[in-house]
Amino acid sequence: MVYRVVQWGTGAVGVEAIRGILDHPDLELAGVKVYSDEKVGRDAGELAGREPVGVAAAKEVDTAGVDAVLYAPRHPSVAEAAAILASGANLVTTAFAFHPARMEPAAREALRQASAAGHSSLHGTGLNPGNLGVVVPIALSGMSRSIEHVKVQERADWSVYDSVEITFDQMHFGSPPDGVTPDTDGLKFTSELFQQQVWLLGDALGLGVDHVSTDLEVIPASVDRDICGRTLRAGTVAGQHWRWTGHRDGAAVVEVETLWTVGEPQPKHWPAPQHGWTVTIEGIPSMQAHLMTLASFRRDVPLAEHVRSASVATAMQAVNAVPAVCDAGPGFVTLADLPLRLFG
């Protein structure tokens, strides 16, 4: 069976998703949603650096009659997602809804009602939150007799990430430290996604999480730095150490930790895992896995290609999930519900 898919959003992940849909033997690109006037009317193949494919990008896209929408906007909207679900299209998103059952009640109910009306499924996925932060720990847990504690760590330097709008405007690097808290606009949304990941791990592994806490420490830049054409000033935020902890009866049983810097060396008191993602399970037996995405481990490729590989992996996690999500029953489908996905 061939599934007809609309790509919603054409940023770094969206463009890679278009390439993935075009290359997938079981998927057909049925439309492309864009937000900027300069992209309207352009061929999807052109947007993805390919030959024309006969699908023009548009600001208004009808999702009725398509099998799935791969939803990857920069700013997701519950109302927009609900309208897509209500139209009958299944929704696979890299933008939010990693564990809808633990979302804010009003948003959760709106999405639940839309799924019921459209007999459609909602699936949130990605890397972290996503595959590396949920699927990998769950897969490793199959070797466990018992689990005391699960930790997922991500360490990354954002100075090579060529998306200054996200780095500066959404994540608030380059902002005064006093104004950067877990409740700051943009950061609050990001924090809620990682909270959902903690809940999902706790629920999927039966760890009895009853409370999730959030901690954030920021560090200032020691010098001015040029970040992809924008200046990050000395004294503004150049590092964020986040920790989301799932507790059971007051004890930590799940931790998701991110160590993000923008060109600034990590302070010595921060944990220092390898760059990439590290999953540690304490139990019987205890185990640890380290993962990273690169353009190649064998070829000499430009740094930009290595950076882009994370967008490729994020997009393909969603693209490869489309058939299983379409075949699932209506409602919420989490990473813990789907079978392991092979490429293609």
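Note that the structure is a prediction, hence the values are computed from the model and not measured.

### Focus: the nonpolar core
Alright, step 1. In this structure, Leu-140, Trp-158, Met-171, Phe-173, Leu-232, Val-254 and Trp-260 are the most contacted members of the largest nonpolar core, which totals 39 residues.
Alright, step 2. Where this core is concerned, the elements lending two or more residues are helix H5 (131–141), strand S7 (146–157), helix H6 (164–170), helix H7 (187–204), strand S11 (237–248), strand S12 (251–261), strand S13 (276–284) and strand S14 (287–291).
Alright, step 3. In terms of residue count, H7 provides more of this core than any other element does, five residues in total.
Alright, step 4. Filtering out sequence-adjacent residues up to four positions away, Val-254 remains in contact with His-149, Val-150, Val-198, Leu-201, Gly-202, Leu-207, Val-209, Trp-244, Thr-245 and Gly-246.
Alright, step 5. Ranked by size, the runner-up nonpolar core spans 28 residues in total, among them Tyr-3, Ile-21, Ala-321 and Val-333.

### Remarks on the sheet that holds strand S2 (residues 27–33)
Alright, step 1. Spatially, the seven strands line up as an open sheet ordered S3-S2-S1-S4-S5-S6-S15, and their pairing is parallel. Sheet topology places strand S3 (57–58) and strand S15 (331–332) at the edges, where each strand pairs with a single neighbour.
Alright, step 2. Sheet topology note: the S2/S3 ladder contains two bridges and is parallel. Paired with Lys-33 across the strands is Ala-58, a residue of S3.

### Quick look at the packing of aromatic side chains
Alright, step 1. A full pass over the atoms with the stated rule returns eight aromatic pairs.
Alright, step 2. A connected cluster of aromatic rings, assembled from ring pairs, spans Trp-158, Tyr-161, Phe-173, Phe-194, Trp-242, Trp-244 and Trp-260.
Alright, step 3. Sitting over the face of the ring of Tyr-35, Lys-33 holds its NZ or CZ atom 4.7 Å from the ring centroid.

### Considering the pattern of salt bridges
Alright, step 1. In the structure shown here, the tally under the stated rule is 13 salt bridges.
Alright, step 2. Residues participating in the shared-partner salt-bridge network are Glu-16, Arg-19, Glu-305 and Arg-308.

### Section: the packing of H5 against H7
Alright, step 1. Two elements in contact, H5 and H7, have axes whose closest approach is 10 Å; the angle formed by their N-to-C orientations is 15 degrees. It follows that H5 is roughly parallel to H7 by the angle criterion. Where H5 crosses over H7, the handedness of that crossing is right-handed. Seen from H5, the contacting residues are Gly-133, Val-134, Pro-137 and Ile-138; seen from H7, they are Gln-197, Leu-200, Leu-201 and Ala-204.
Alright, step 2. Of the residues that constitute the contact of H5 with H7, the class distribution is six nonpolar, two polar and no charged.

### Some points on the pairing of S14
Alright, step 1. In the sheet, S13 pairs with S14 via five bridges, with the strands oriented antiparallel. Its bridge partner lying in S14, Thr-278 is registered against His-290.
Alright, step 2. Taking the residues between adjacent antiparallel strands as the criterion, S13 and S14 are bridged by two residues.

### Describing the sheet that holds S7
The pairing of strands in a sheet comes from backbone hydrogen bonds and takes either a parallel or an antiparallel form.
Alright, step 1. The mixed open sheet is built from six strands, whose spatial order is S8-S11-S12-S7-S13-S14. The strands lining the two open edges of the sheet, one partner per strand, are strand S8 (211–220) and S14. With direction set aside, neighbouring strand axes in the sheet form an average angle of 10 degrees.
Alright, step 2. Bridge count between S7 and S12: eight bridges; the pairing is parallel. Within the sheet, the bridge partner assigned to Val-152 lies in S12 and is Val-256.
Alright, step 3. Its contacts with the sheet put H5 on S7, S13 and S14, and the angle it makes with S13 is roughly 35 degrees.
Alright, step 4. Along the sheet face, H7 touches S7, S8, S11 and S12 and points at about 35 degrees away from the line of S11.

### Observations regarding the side chain of Gln-7
Alright, step 1. When you line up the elements, Gln-7 lands in strand S1 (residues 3–8).
Alright, step 2. Judged by its relative accessible area of 0%, Gln-7 falls in the buried class.
Alright, step 3. Contacts of Gln-7, omitting those with residues within four sequence positions, involve Gly-14, Ala-17, Ile-18, Ile-21, Leu-29, Gly-31, Val-32, Lys-33, Leu-70 and Ala-72.

Conventions adopted
- Residues numbered from 1 in each chain as written.
- Predicted model: local features only at pLDDT ≥ 70, side-chain atom pairs only at ≥ 80, totals over all residues.
- Heavy atoms only, no water.
- Core = buried A, V, L, I, M, F, W, Y, C linked by side-chain atoms within 4.5 Å.
- Buried < 20%, exposed > 50% of the residue type's maximum accessible area, 1.4 Å probe, protein only.
- Helix = DSSP H or I, 4+ residues; strand = E, 2+ residues; numbered from the N terminus.
- Contact = heavy atoms within 4.5 Å.
- Pairing = 2+ DSSP bridges.
- Phe/Tyr/Trp six-rings, centres within 6.5 Å; stacked < 30°, edge-to-face > 60°.
- Lys NZ or Arg CZ within 6 Å of the ring centre and 35° of its normal.
- Salt bridge = Lys/Arg side-chain N within 4 Å of Asp/Glu carboxyl O.
- Axes fitted to C-alpha atoms, helices over the stretch in contact; angles between N-to-C directions.
- Parallel < 35°, antiparallel > 145°, perpendicular 65-115°, else oblique.
- Left-handed = near helix turned anticlockwise from the far one by under 90°.
- Nonpolar A, V, L, I, M, F, W, Y, C, P; charged D, E, K, R; others polar.

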